[in-house]
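# Notes for the structure review
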Amino acid sequence: MRIEQPEGAALDPLAGRRILVGISGSIAAVKLPLVVSALAKRGAQVRCVVTPSAAQLVSPVALASLSRERCYLDADQWCHTAPRPLHVELAEWAELVLLAPLSATTLGRWVHGLGDTLLASTLLATEAPVLAAAAMNTAMWGAPAVAANWQQLQRYERVLPLGPAEGLLACDRQGSGRMADPELLVLALESLASWGWQRDWQGRRLLVSAGPTREWFDPARCISNPSTGRMGVLLAQAARLRGAEVDLVHGALQLDPSWLEGLNLHPIDTGAQLQRALEQLQPQADAIAMAAAVADHRPARTLSYKPTKAELDAAMCGPWEPVPDLLVELVSRRPTGQRILGFAAHSGDVLPQAQAKFARKGCDLLFANPIDQPDAGFGSSTNQGWLLGPGDAVERLEPMGKLALAHRLITALGAAL
Ligand SMILES: Cc1cc2nc3c(=O)[nH]c(=O)nc-3n(C[C@H](O)[C@H](O)[C@H](O)COP(=O)(O)O)c2cc1C
């Protein structure tokens, strides 16, 4: 059964998809009801399969209730009234598989071709893409046998493996082993639905800037903009899920922090700090996506104390100075072969303004988007615009989810390399 969908769901790559959620015996299984609920609310059809160990840790009744479907257990496989084997039915039904948490045992079964649970045999039988999120104790994760099995999985087609994150584990160890956050699982599943599992950015390094900068009058007041960083962070995650090593230089973000997992983070605040970070990180990058919303001007002098209102009025009247054009700086010192994608946010007639900017900046690609349209620009979950490329090429990108758009832009940037 599917839940009635809100407006705009047509642009959601998860809406209407048949998603099989396989849950194995890790304590992280307790987080899966949240994921199942989130997927069902986005209009996906969700069925859950739990191993006997997982059924000890998370309630199959809760999973059935949140997915609006029955939850499948090992015993269901041996039902004498079933006309076809259940593992084959489920494997063929699934358009996408989320395997989370992936335990050491289920990983071992999978890569050694053993099908001795309903989940293990379904995994062997399915031809759908699988997002696999490992979770286990740090020492188990480091065990040579598990490491070898995980290594083996990296070679599988149709599989997007999400290694565990660092953190405090339920076993009281601090280290690697924590399952990717539920929000990130949903994002990675959306990536699988809109792009696929291909790791065409493997071996490449991408530098992304995202979010707003702030320019300070005094310790309490600044000039900034409403950028949330969503577009830039999704570009970074899209490239990372396609195998890239990603440096993200970011201002104050208004996003779920789990979307930052797996990225090399370089927080900044002002345009000057962004400028320094870009100078340091540019030489290592194969490509750059300059999505940060940088303030154009800053007070020429920042007061070290909080002034009276009258003094502040005077400070706001000037003097001001321009913030250097960071995109032009990147272009002017780029090493041979490095490709640069710029962004332009405009109101009114976007395309002619973007074309003039593209000619001025000298970057390889420029994505221009309106900020005065519904469902586009700052903070919205969807976006649209024009992608300008070499030889006056202009591609119109119709409204789509920002992650799908991020994949389109990463594809264009990759093709330019
Ligand atoms: C409370 C508890 C937590 C566990 N957490 C994990 C875990 O995070 N990762 C893991 O690989 N095994 C974990 N195990 C061990 C597995 O449940 C055990 O290896 C089991 O054989 C896994 O089988 P399955 O993959 O069929 O679910 C845990 C066991 C218990 C009792």
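Residues numbered from 1 in each chain as written. Predicted model: local features only at pLDDT ≥ 70, side-chain atom pairs only at ≥ 80, totals over all residues. Heavy atoms only, no water.

The subject of this paragraph is helix α4 (residues 86-93). Considered for burial, the residues of α4 that qualify are Leu-86, Leu-90, Ala-91 and Trp-93. The buried residues of α4 all sit within an arc of 165 degrees when viewed along its axis, so they share a single face. (Buried < 20%, exposed > 50% of the residue type's maximum accessible area, 1.4 Å probe, protein only. Helix = DSSP H or I, 4+ residues; strand = E, 2+ residues; numbered from the N terminus. Arc of directions from axis to C-beta.)

Across soluble globular proteins, nonpolar side chains show a tendency to be buried alongside one another. By size, the foremost hydrophobic cluster in this structure holds 72 residues, and its most contacted members are Val-21, Leu-39 and Leu-409. Counting residues in each nonpolar core, the second largest holds 27 residues, with Ala-94, Leu-119, Trp-141 and Val-146 among its members. (Core = buried A, V, L, I, M, F, W, Y, C linked by side-chain atoms within 4.5 Å.)

Cis peptide bonds are those with omega within 30 degrees of zero, and the linkage from Ala-100 to Pro-101 qualifies with -10 degrees. Although it is not a glycine, Arg-68 sits at a positive phi angle of roughly 60 degrees. By the element assignment, Arg-68 lies in the loop between α3 (60-67) and β3 (71-72). Taking the relative accessible area as the measure of exposure, Arg-68 reaches 34% and is therefore partly exposed. Although it is not a glycine, Arg-158 adopts a positive phi angle of roughly 70 degrees.

The parallel open sheet is built from six strands, whose spatial order is β3-β2-β1-β4-β5-β6. Single-partner strands in this sheet number two, and they are β3 and β6 (159-162). (Pairing = 2+ DSSP bridges.)

To continue, consider empty space enclosed by the protein. Summed over the entire model, instances satisfying the criterion amount to one cavity of 30 Å³ or more. In this model, the largest cavity occupies a volume close to 30 Å³. Together, Leu-20, Val-21, Gly-22, Val-97, Leu-119, Thr-122, Leu-123 and Thr-126 line the largest cavity. A breakdown of the residues in the lining of the largest cavity according to their chemical character gives five nonpolar, three polar and no charged. (1 Å grid on protein atoms, 1.4 Å probe; cavity = no way out; pocket = protein on both sides within 12 Å on 5 of 7 lines; lining within 4 Å. Points joined across faces, edges and corners; volume = space filled by probe spheres on them. Nonpolar A, V, L, I, M, F, W, Y, C, P; charged D, E, K, R; others polar.)

For the rest of this paragraph, the subject is the pairing of β6. The alternating pattern of β6 places Val-159 and Pro-161 on one face and Leu-160 and Leu-162 on the opposite face, and all of these are buried. Bridge count for strand β5 (residues 130-134) against β6 is four bridges, and the pairing is parallel. Following the sheet pairing, Ala-132 is matched in β6 by Pro-161.

A word on the site of the ligand. Around the ligand, 15 residues are found, and the nearest of them are Gly-25, Thr-51, Ser-103, Thr-106 and Arg-109. Interatomic distance of 3.2 Å between a side-chain N/O atom of Ser-53 and an oxygen atom of the ligand. When isolated, the ligand has an accessible area of 630 Å², and the protein chains bury 66% of it. Looking at the shell around the ligand, the elements with two or more residues in it are α2 (52-57) and α5 (104-111). Sorting elements by how many residues they give to the shell around the ligand places α5 first, with four residues. Split by residue class, the shell around the ligand holds six nonpolar, eight polar and one charged. (Near = heavy atom within 4 Å. Polar contact = N/O pair within 3.5 Å; in protein donor to acceptor, adjacent residues only side chain to side chain. Areas by Shrake-Rupley, 256 points an atom, 1.4 Å probe, with all protein chains shown as cover.)

Right, let's talk about the domain arrangement of the protein chain for a bit. Each domain of the protein chain was delimited in the assignment, giving domain 1 (14-194) and domain 2 (205-416). One C-alpha centre belongs to domain 1, the other to domain 2; they are set 36 Å apart. Taken together, the 13 residues of domain 1 in the interface contact 11 residues of domain 2. Buried area between domain 1 and domain 2, summed over both chains or domains, comes out near 1000 Å², and the portion from carbon and sulfur atoms is 64%. Inspection of the region where domain 1 meets domain 2 yields one salt bridge. Across the salt bridge formed by Arg-178 and Glu-261, the nearest N and O atoms sit 3.4 Å from each other. Linking domain 1 with domain 2 are two residue pairs in polar contact (both at pLDDT 80 or more), by the criterion used here. Among the elements of the structure, β6 and α9 (182-194) are those that each provide at least two residues to the side of domain 1 that touches domain 2. (Domains from an automatic or database assignment. Contact = heavy atoms within 4.5 Å. Buried area = accessible area lost by both parts, 1.4 Å probe. Salt bridge = Lys/Arg side-chain N within 4 Å of Asp/Glu carboxyl O.)

Counting buried positions along β5 yields five of five residues, so the element is predominantly enclosed. Here β5 shows no split at all, with Val-130, Ala-132 and Ala-134 on one side and Leu-131 and Ala-133 on the other all buried.

Moving on: the packing of α9 against helix α15 (residues 402-416). Between two packed helices, the angle of one axis relative to the other and the distance separating the axes together describe the packing. The geometry of α9 relative to α15 is characterised by a closest axis approach of 10 Å and an angle of 55 degrees between their N-to-C directions. The angle between α9 and α15 places the two elements in the oblique class. The handedness of the crossing between α9 and α15 is right-handed. Contacts between α9 and α15 involve Leu-187, Glu-190, Ser-191 and Ser-194 from the first element and Leu-403, Ala-404 and His-407 from the second. Classifying every residue of the contact of α9 with α15 by side-chain character gives three nonpolar, three polar and one charged. (Axes fitted to C-alpha atoms, helices over the stretch in contact; angles between N-to-C directions. Parallel < 35°, antiparallel > 145°, perpendicular 65-115°, else oblique. Left-handed = near helix turned anticlockwise from the far one by under 90°.)

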